[in-house]
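# Secondary and tertiary structure notes
Read off the chains here:
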Amino acid sequence: AQTVTQSQPEMSVQEAETVTLSCTYDTSENNYYLFWYKQPPSRQMILVIRQEAYKQQNATENRFSVNFQKAAKSFSLKISDSQLGDTAMYFCAEREKETSGSRLTFGEGTQLTVNP
Amino acid sequence: DTGVSQNPRHKITKRGQNVTFRCDPISEHNRLYWYRQTLGQGPEFLTYFQNEAQLEKSRLLSDRFSAERPKGSFSTLEIQRTEQGDSAMYLCASSNTQRGGAGNEQFFGPGTRLTVL
C-alpha cells in the first residue's frame, strides 16, 4: 500500500522569503502522480501543483515549484516570495495512475504560517 | 461551473442518531469520492463512484456507513448509529476521468463537519 509522510508538522516563514516543505512517499507502482494541496483555514482544499512520475522535469506554477527525486521517493514543495495568503495547511498526496480507483493518499500535513 | 458543494456544512448530533450528508459534484464529472479528515490529519479515502456505480470501499467504511449516487449525479453519505469516533470533516471530491492522465484532477468541496456528542 502506498504511504505519504510529511515530517514537518509546522513551518513558519517571513513574508517575501522562501520556504521548502518536505514529503516522502512509498509506492510499488512505476506510474503515479504526486500533488501538493493547500487547505486554508475553514476553506476548501485546492490543488497547488502536480508532478507526473514519468516526467523528469520538475513542475513549476508561478511561485510554487517542486523538487522531485524519484529514486529517493522525495517530493518537496518550494514557495518563493511567500505571501500572507499562503498561510494554510499543505498536504502532499500521491495517486497511482489507474489502479485503486485513482484515490488520493495524503500525508499528515504541514501547517505553514507566513509572518508579516 | 459552480464547484463541488456539500450540505450541511456543519452537523451536530447525539450519539446513536443517524445522519446524512449530501454532495453535489461539478456537473459532468463522472467520478465522485468521499474522504474523511480528522483534526490535524490528512484526508483518508472512504469510497468512490464511477457514475452511479460504487466501485471501491475502504476498510474504514464500516457497516454503519452507506453511500449512494443515484443517477450518477449527487451523492449521499449516511452514518447510522453515530459514535463519538465518527466526529470528523467529511470531504467530497469529483473528477472527470474522460480527460485522462493528470487531467483527472480531483476538485474538493468545503466539507461537512460532523460533531457527535
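This section reports on the structure supplied with the text. Just so you know, these numbers come straight off a predicted model, no measurement behind them. (Residues numbered from 1 in each chain as written. Chains lettered and ligands numbered in written order. Predicted model: local features only at pLDDT ≥ 70, side-chain atom pairs only at ≥ 80, totals over all residues. Heavy atoms only, no water.)

### Some details on the overall build of chain A
Formally: Secondary structure counts use DSSP, requiring at least four H or I residues in a row for a helix and at least two E residues in a row for a strand, with both numbered from the N terminus. In this treatment the radius of gyration is a C-alpha quantity, and the globule benchmark scales as 2.2 Å times the residue count to the 0.38 power. Think of it in three bands: residues with accessible area under 20% of the maximum for their type are buried, residues over 50% are exposed, and the middle band is partly exposed, with areas taken using a 1.4 Å probe on protein chains only. We get accessible surface area from the Shrake-Rupley algorithm with a probe of 1.4 Å; when it comes to residues, only the shown protein chains can shield them. Think of it this way: Lys and Arg go in the positive column, Asp and Glu in the negative one, and His and the chain ends go nowhere. A single reference atom marks each charge: NZ on Lys, CZ on Arg, CG on Asp, CD on Glu.
When helices and strands are tallied, chain A shows zero helices and twelve strands. The C-alpha atoms of chain A give 14 Å as radius of gyration, which agrees with the globular expectation for 116 residues (13 Å, within 12%). By residue count, 48% of the 116 residues in chain A fall in the buried class. Total accessible area computed for chain A in this model is approximately 5,600 Å², and 43% of it derives from carbon and sulfur atoms. Within chain A, one finds 11 positive and 13 negative side-chain charges whose respective centroids are separated by 6 Å.

### Observations regarding the packing of aromatic side chains
The condition that has to hold: Here the aromatic set is Phe, Tyr and Trp, taking the six-membered ring for Trp, and pairing holds for ring centres within 6.5 Å; pairs whose planes are under 30 degrees apart are stacked, those over 60 apart are edge-to-face, and all others are tilted.
Evaluated as defined, the whole model comprises 16 aromatic pairs over all chains. Note on F68 of chain A and F75 of chain A: the rings are 6.3 Å apart at their centroids and 80 degrees apart in plane angle, and the pair reads as edge-to-face. Across the pair, exposure class does not vary: F68 of chain A and F75 of chain A are buried alike. Among the aromatic residues, ring-to-ring pairing joins F35, Y37, F91 and F106 of chain A together with Y33, Y35, F45, Y48 and F108 of chain B into one connected group.

### Examining the sheet that holds strand 7 (residues 65–68) of chain B
Residues and elements named next belong to chain B. Defined as follows: Here, strands pair whenever DSSP counts at least two bridges between them. Each axis is a line fitted through C-alpha atoms, taken for helices only over the stretch in contact, and angles between the N-to-C directions span 0 to 180 degrees.
Taken together, four strands build an open sheet; the order of strands is 1-3-8-7 and the sheet is antiparallel. The outermost strands of the open sheet, each flanked by one partner alone, are strand 1 (5–7) and strand 7. Taken pair by pair, the neighbouring strands of this sheet meet at an average axis angle of 15 degrees, ignoring direction. Judged from the five bridges that link them, strand 3 (residues 19–24) and strand 8 (residues 75–79) form a sheet pairing that is antiparallel. Residue pairing in the sheet places C23 in a bridge with S75 of strand 8.

### Describing the state of the cysteines
Just so we agree on the cut-off: Pairs of cysteine sulfur atoms within 2.5 Å are what we label disulfides.
According to the stated counting rule, one finds two disulfides over all chains in the structure shown. The side chain of C23 of chain A participates in a disulfide bridge whose partner is C92 of chain A; the two sulfur atoms lie 2.0 Å from each other. Its S-S torsion of about -70 degrees marks the bond between C23 of chain A and C92 of chain A as left-handed, since a negative value means left-handed. You can see C23 of chain A sitting in the loop between strand 3 (19–21) and strand 4 (24–26) and its partner C92 of chain A sitting in strand 10 (residues 88–96), a full 69 residues away along the chain. Accessibility classification places C23 of chain A together with C92 of chain A in one group, the buried group. Between C23 of chain B and C92 of chain B runs a disulfide, and the two sulfur atoms are separated by 1.8 Å. The disulfide joining C23 of chain B to C92 of chain B has a torsion of about -65 degrees about its S-S bond and is therefore left-handed. Pair noted here: C23 of chain B is in strand 3 and C92 of chain B is in strand 9 (residues 88–95), with a separation of 69 residues, a long-range link. Summarising the burial analysis for this pair, C23 of chain B and C92 of chain B share the class buried.

### A closer look at the environment of A88 of chain A
Residue and element names in this part refer to chain A. Rules: Between two residues, a contact is recorded if the distance between any of their heavy atoms is within 4.5 Å.
Summarising the element assignment, A88 is placed in strand 10. Put simply, A88 and Q111 are 23 residues apart on the chain and 6.0 Å apart in space, counted from C-alpha to C-alpha. With sequence-adjacent residues up to four places away left out, A88 is seen in contact with K38, Q39, P40, T110, Q111 and L112.

### Comments concerning the nonpolar core
Grouped burial of nonpolar side chains is what soluble globular proteins tend to show. All names here are of chain A. In plain terms, the rule: Remark: nonpolar core denotes a set of buried residues (Ala, Val, Leu, Ile, Met, Phe, Trp, Tyr, Cys) joined through side-chain atoms within 4.5 Å.
Counting residues in hydrophobic clusters, the biggest one holds 24 residues, and the most contacted among them are W36, I49, F75, L77 and Y90. Secondary-structure elements contributing two or more residues to this core are strand 3, strand 5 (32–39), strand 6 (46–52), strand 8 (64–69), strand 9 (74–79), strand 10 and strand 12 (110–115). F75 has contacts with C23, Y25, L34, F35, W36, Q51, V66, N67, F68 and C92, leaving out every residue within four places of it along the chain.

### Quick look at unusual backbone geometry
All names here are of chain B. Note that the residue after N7, namely P8, is joined by a cis bond; omega there is -10 degrees. Along the chain, the position of P8 falls in the loop between strand 1 and strand 2 (10–13). Non-glycine residue R81 carries a positive phi angle of around 50 degrees. Along the chain, R81 turns up in the loop between strand 8 and strand 9.

### Observations concerning the interface of chain A and chain B
Definition in use: By convention in these notes, a salt bridge is any Lys or Arg side-chain nitrogen within 4 Å of a carboxyl oxygen on Asp or Glu. Each polar contact in these results corresponds to two N or O atoms within 3.5 Å; when the atoms are within protein, one needs to be able to donate a hydrogen and the other to accept it, and residues that are neighboring in sequence are counted only if both atoms are side-chain atoms. Three classes are used: nonpolar for Ala, Val, Leu, Ile, Met, Phe, Trp, Tyr, Cys and Pro, charged for Asp, Glu, Lys and Arg, and polar for all others, with Gly counted as polar.
Facing 20 residues of chain A, the contacting portion of chain B comprises 22 residues. One salt bridge connects E105 of chain B with R50 of chain A, and the closest N-O pair in it is separated by 3.3 Å. Viewed at the interface, chain B and chain A are joined by six residue pairs in polar contact (both at pLDDT 80 or more). Where the side of chain A that touches chain B is concerned, the elements lending two or more residues are strand 5, strand 6 and strand 10 of chain A. Among the residues making up the side of chain A that touches chain B, the classes are represented as eight nonpolar, seven polar and five charged.

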